[in-house]
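Observations on the model geometry
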Amino acid sequence: MPRLIGVDIPNDKRTVIALTYLFGIGNTTANKICEDLNLDKSRRAKELSDEELAAIASYAESNLLAEGVLRRTNAAAINRLRDIACYRGLRHRRGLPARGQRTRTNARSRKGPKKTVAGKKSVKSMK
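To keep things clear, this report deals only with the structure shown in the data block. Quick caveat, the model's predicted, so the values are computed rather than measured.

Here we come to the overall build of the protein. A count of helical and extended segments in the protein gives seven helices and two strands. Sequence-ordered secondary structure for the protein, helices as α and strands as β, is β-β-α-α-α-α-α-α-α. Here the C-alpha radius of gyration of the protein, 22 Å, is well above what a compact globule of 127 residues would show, namely 14 Å. Across the 127 residues that make up the protein, the buried fraction comes to 28%. The contacts of the protein with a sequence gap of at least 6 include a subset with a gap of at least 24, amounting to 42%.

This is the structure:
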């Protein structure tokens, strides 16, 4: 498996698709990288030479925020919101949706599995 910026990219995927396995690089950015470095998009990742891999890595590190740098930047931004105790920071602290989504139903991926409240009456027992 070729390794770029500390991440193993899949062998059998086309170069454009394999680049999207890097955090912070999507389809558009992967296409732009291939065009700027004159790489064949349809070639498989295992067919890339060491020079091409080095060129991709140096291009990504100099022109893009990707992988570790981007993860640290995102974490620092969230920690700043927590520290200044703004509304979004409080929502991050409590593990609730931060962008105005409803929480009465849904939001399970953010709130985690249901926590059953003891002694709460169900709708059936009220009738």
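Let us now look at the pattern of salt bridges. Inspection of every chain in the model, using the stated rule, returns six salt bridges. Among the ionic pairs, Glu 52 bridges to Arg 43, the shortest N-O distance being 3.1 Å.

Before going further, it helps to spend a moment on the nonpolar core. Judged by nonpolar contacts, the single largest core of 19 residues is most densely connected at Leu 4, Ile 9, Leu 19, Leu 22, Ile 25, Ile 33 and Ile 56. The set of elements that each furnish at least two residues to this core consists of helix H1 (15-19), helix H2 (27-36) and helix H3 (50-63). It is H3 that provides the largest number of residues to this core, a total of four residues.

What counts and how
Residues numbered from 1 in each chain as written. Predicted model: local features only at pLDDT ≥ 70, side-chain atom pairs only at ≥ 80, totals over all residues. Heavy atoms only, no water. Helix = DSSP H or I, 4+ residues; strand = E, 2+ residues; numbered from the N terminus. Rg over C-alpha atoms; globule rule 2.2 N^0.38 Å. Buried < 20%, exposed > 50% of the residue type's maximum accessible area, 1.4 Å probe, protein only. Contact = heavy atoms within 4.5 Å. Salt bridge = Lys/Arg side-chain N within 4 Å of Asp/Glu carboxyl O. Core = buried A, V, L, I, M, F, W, Y, C linked by side-chain atoms within 4.5 Å.

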